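Chain residues, written in single-letter form:
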Protein chains: 2
Amino acid sequence: MSHTPAYAAQSAGKPLGPHTIERRTPGAHDVAIDIKFCGVCHSDLHTARNEWGNTRYPSVPGHEIVGTVTAVGKNVKHFKAGDTVGVGCMVDSCGHCDSCKAGEENYCENGFTGTYNGPAQADGGNTYGGYSSNVVVDEKFVLRITHKDDLAAVAPLLCAGITTYSPLRHWGAGPGRKVGIVGLGGLGHMGVKLAHAMGAHVVLFTTSPNKVADGKRLGADEVVISKDADQMAQHVGSFDFILNTVAASHNLDAFLNLLKRDGTMCLVGAPEHPHPSPTVFNLIMKRRAIAGSLIGGIRETQEMLDFCAEHGIVSDIEMIAMRDINKAYERMLKSDVKYRFVIDMQSLKDEAKAA
Amino acid sequence: MSHTPAYAAQSAGKPLGPHTIERRTPGAHDVAIDIKFCGVCHSDLHTARNEWGNTRYPSVPGHEIVGTVTAVGKNVKHFKAGDTVGVGCMVDSCGHCDSCKAGEENYCENGFTGTYNGPAQADGGNTYGGYSSNVVVDEKFVLRITHKDDLAAVAPLLCAGITTYSPLRHWGAGPGRKVGIVGLGGLGHMGVKLAHAMGAHVVLFTTSPNKVADGKRLGADEVVISKDADQMAQHVGSFDFILNTVAASHNLDAFLNLLKRDGTMCLVGAPEHPHPSPTVFNLIMKRRAIAGSLIGGIRETQEMLDFCAEHGIVSDIEMIAMRDINKAYERMLKSDVKYRFVIDMQSLKDEAKAA
């Protein structure tokens, strides 16, 4: 066991603050990782504040982890000390259900173990995430990172990247396909970059006219102001696929109407208050579908990281110190970040040393 | 032009009654059909009573037509006088959009022409359906019927049959697949028969314990009382596909939860009042989808008719006389029919002769 500096929420109403956690001594299949950077996901905030009602405290969020291997267990085959690696949203799964056997641990039928908030496979207990100086993870859930620099901006690929990459691949974004991305935040800006790199014709939908230029810079072929009925009308029945990254309750019909026959709109955000019920007629008339998607499996996450390295894709980030996490949460709630906060974990190490 | 006895609604509040319509003289590509039987679809009632707000009066419903060819135009290649034929929900479409070119006229991007209520391709005007003694239809929209007997019970295949066959085929109902059918009415009883004949493991969901025996007789391997939470819980995460035939507003989540990873629930009924908004989380956690489907294309309708003839499938029907249509509508509203009314059109011909 090792005493590890971390930042934790002690209860739903408390801000995050310094806390010490125990990390297990690496077992035969484990990889010990010195954490360099950790991205800040909206799920971190939901969990820290118990907004999904299932938080185990103390809660140490963080599941967009990039670091360096410091030690490996004797049976570890694919990693060695000094390697640059990543850890995403999962650190374990049952390993024997149909989804796990298909390499889709994200859909583990017995429930995967989250990088934070558990439940641990062994005892259903808590797990502690990347707002900490190090982590110990079974090598099956460790990703290889081949980006040569800008490693802080690689961190958000581990959640925001795979959450958008997986549905774009699953529903066939690529050359000759018209793909919509709804919302330009942490997820949406990755969706635009990835769909563009896959070769699709990319249309960004945003409510903010001041995001048009940025949408195009990120790779959108067109940017549509979704509140503008005239602009929306020009795209009716024309999309093969729409990736909707907006978690706030909104009118889904406005986007369903833009799908072609057999088109799908995939939702990757779960709204706190339900969306208005979509109009069944809009599904029936063109055999359209509304679907959902949850991160991606380990094999696909590795594929995504390799794809991003090959195409020079990282996240657009703003680096913060660990001690500024509560302020960052407040800014995130106002969408005041382009487009992802990443914690420089050296700041936590320095703080722990000074204490 | 020919004077043709029919039954029509003259306005939303009026019952259907005798009315004479004009049928066009068959053109070079037309097939003239003496109507023997016409099924009674819930859409007939919605249209007669202007419940969708778009009814053209006088309104002559009926789009489950079986009859005998009496004459063909000079360019008609596939039909001759004496053939037994069917006409379903469509009598025309634009013919040049992507959906038409793909043989999916039901999704015609310029809007197909309904067998009743138009809009006619030429002038957007009205069309008159199968509650009449004869009809003239372009051969492209005429179906060949190879059933040797029980032709009255074939009629509902033209709408209830194809409406369930098409999504069952599209989403791959067949051996090794667990398929749910929600609701045992006109559509649902066809869904059970067809999914069973396709080789799927068929589970019927009904709210009525008194439909269990009938569900099994029709081909369901299991019947689940959908109000019984314990019975429902036994099927969580186990379905490849669910065909939901219930148009009344109901809780979709109860069925979404029964789908496997990548499973789809397809809706074929549009509710008058919206369903409660489905829980996005239930879509996301297993990459599930909610979709819709609308009848089927002409090629697929022919395939369905041939499949049914080969497997000895017809609808379970109750035959009525034309003059009893208003009573039949009232009984249909109470689901008091097993499982489809079919009008014996000889009754209309006799009535017209006596008048």
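Provided above is the structure to which this section pertains.
About the cut-offs
- Residues numbered from 1 in each chain as written.
- Chains lettered and ligands numbered in written order.
- Predicted model: local features only at pLDDT ≥ 70, side-chain atom pairs only at ≥ 80, totals over all residues.
- Heavy atoms only, no water.
- Core = buried A, V, L, I, M, F, W, Y, C linked by side-chain atoms within 4.5 Å.
- Buried < 20%, exposed > 50% of the residue type's maximum accessible area, 1.4 Å probe, protein only.
- Helix = DSSP H or I, 4+ residues; strand = E, 2+ residues; numbered from the N terminus.
- Expected span 1.5 Å × (residues − 1).
- Contact = heavy atoms within 4.5 Å.
- Axes fitted to C-alpha atoms, helices over the stretch in contact; angles between N-to-C directions.
- Parallel < 35°, antiparallel > 145°, perpendicular 65-115°, else oblique.
- Nonpolar A, V, L, I, M, F, W, Y, C, P; charged D, E, K, R; others polar.
- Buried area = accessible area lost by both parts, 1.4 Å probe.
- Salt bridge = Lys/Arg side-chain N within 4 Å of Asp/Glu carboxyl O.
- Phe/Tyr/Trp six-rings, centres within 6.5 Å; stacked < 30°, edge-to-face > 60°.
- Lys NZ or Arg CZ within 6 Å of the ring centre and 35° of its normal.
- Pairing = 2+ DSSP bridges.

### Quick look at the nonpolar core
In terms of nonpolar packing, the biggest core is built from 226 residues, with Tyr131, Leu168 and Ile325 of chain A together with Tyr131, Leu168 and Ile325 of chain B touching the most fellow members. For this core, the leading source of residues is helix H5 (residues 186-198) of chain B, giving 6 residues.

### So, helix H5 (residues 186-197) of chain A
Residue and element names in this part refer to chain A. In this model H5 runs 17 Å from its N-terminal to its C-terminal C-alpha over 12 residues, within 8% of the 16 Å that 1.5 Å per residue would give. With 10 of 12 residues buried, H5 is to be regarded as a mostly interior element. Among the residues of H5, Gly186, Leu187, Gly188, His189, Met190, Gly191, Val192, Lys193, Leu194 and Ala195 are the ones counted as buried. Buried residues along H5 sit in contact with helix H4 (160-170), strand E10 (178-182), strand E11 (201-206), helix H6 (212-218), helix H10 (298-311) and strand E17 (340-344). Following H5 by one or two positions, glycine 199 has its phi on the positive side, about 100 degrees.

### Focus on the packing of H4 of chain A against H10 of chain A
Residues and elements named next belong to chain A. Here H4 crosses H10 at 100 degrees, and the two axes come no closer than 10 Å. The angle between H4 and H10 falls in the class roughly perpendicular. Of H10, the residues touching H4 (which contributes Gly161, Ile162, Tyr165, Ser166 and Arg169) are Glu300, Thr301, Glu303, Met304 and Phe307. Partitioning the contact of H4 with H10 into residue classes produces 4 nonpolar, 3 polar and 3 charged.

### Let's talk about the interface of chain A and chain B
At the junction of the two partners, chain A supplies 35 residues and chain B supplies 35 residues. In this assembly, chain A packs against chain B so that about 2700 Å² is buried in total across both faces, 61% of it on carbon and sulfur atoms. If you sort the residues of chain A by the area they bury against chain B, Arg261, Ile284 and Arg287 of chain A come out on top, with a joint share of 27%. Where chain A meets chain B, there are 4 salt bridges. Arginine 261 of chain A is the partner of glutamate 104 of chain B in a salt bridge, and the nearest nitrogen-oxygen pair spans 3.1 Å.

### As for the packing of aromatic side chains
Under the definition given, this model contains 8 aromatic pairs over all chains. An aromatic cluster of three or more residues is present, and its members are Phe205, Phe239 and Phe255 of chain A. The cationic tip of arginine 169 of chain A hangs over the ring face of phenylalanine 307 of chain A; the distance from NZ or CZ to the ring centre is 5.1 Å. Over the ring of phenylalanine 239 of chain B we find lysine 178 of chain B, and its NZ or CZ is 4.6 Å from the ring centre.

### Thoughts on the side chain of serine 43 of chain B
Looking at the element boundaries, serine 43 of chain B is found in helix H1 (residues 42-48). Beyond its immediate sequence surroundings of up to four residues, serine 43 of chain B is in contact with Trp52, His63 and Tyr116 of chain B.

### Notes on the environment of lysine 327 of chain A
Considering the arrangement of structural elements, one finds lysine 327 of chain A in helix H11 (residues 325-333). Measuring from C-alpha to C-alpha, the distance between lysine 327 of chain A and proline 15 of chain A comes to 9.6 Å, with 312 residues separating the pair along the chain.

### Notes on the sheet that holds strand E12 (residues 222-225) of chain B
Pairing in this open sheet of 12 strands is mixed, and the strands run E12(A)-E11(A)-E10(A)-E13(A)-E14(A)-E15(A)-E15(B)-E14(B)-E13(B)-E10(B)-E11(B)-E12(B) from one edge to the other. On the outer flanks of this sheet lie strand E12 (222-225) of chain A together with E12 of chain B, each paired with one strand and no other. Geometrically, the sheet is characterised by an average inter-axis angle of 20 degrees between neighbouring strands, direction not taken into account. When strand E14 (residues 259-267) of chain A meets strand E15 (residues 289-292) of chain A, the two strands line up parallel, connected through 4 bridges. Within E15 of chain A, the residue paired with leucine 267 of chain A across the bridge is glycine 292 of chain A. The sheet strands contacting H5 of chain A are E10 and E11 of chain A, and the helix crosses E10 of chain A at an angle near 165 degrees. Lying on the sheet, H5 of chain B is in contact with strand E10 (178-182) and strand E11 (201-206) of chain B; it crosses E10 of chain B at an angle near 165 degrees.

Any functional reading would require information that these geometric values do not contain.
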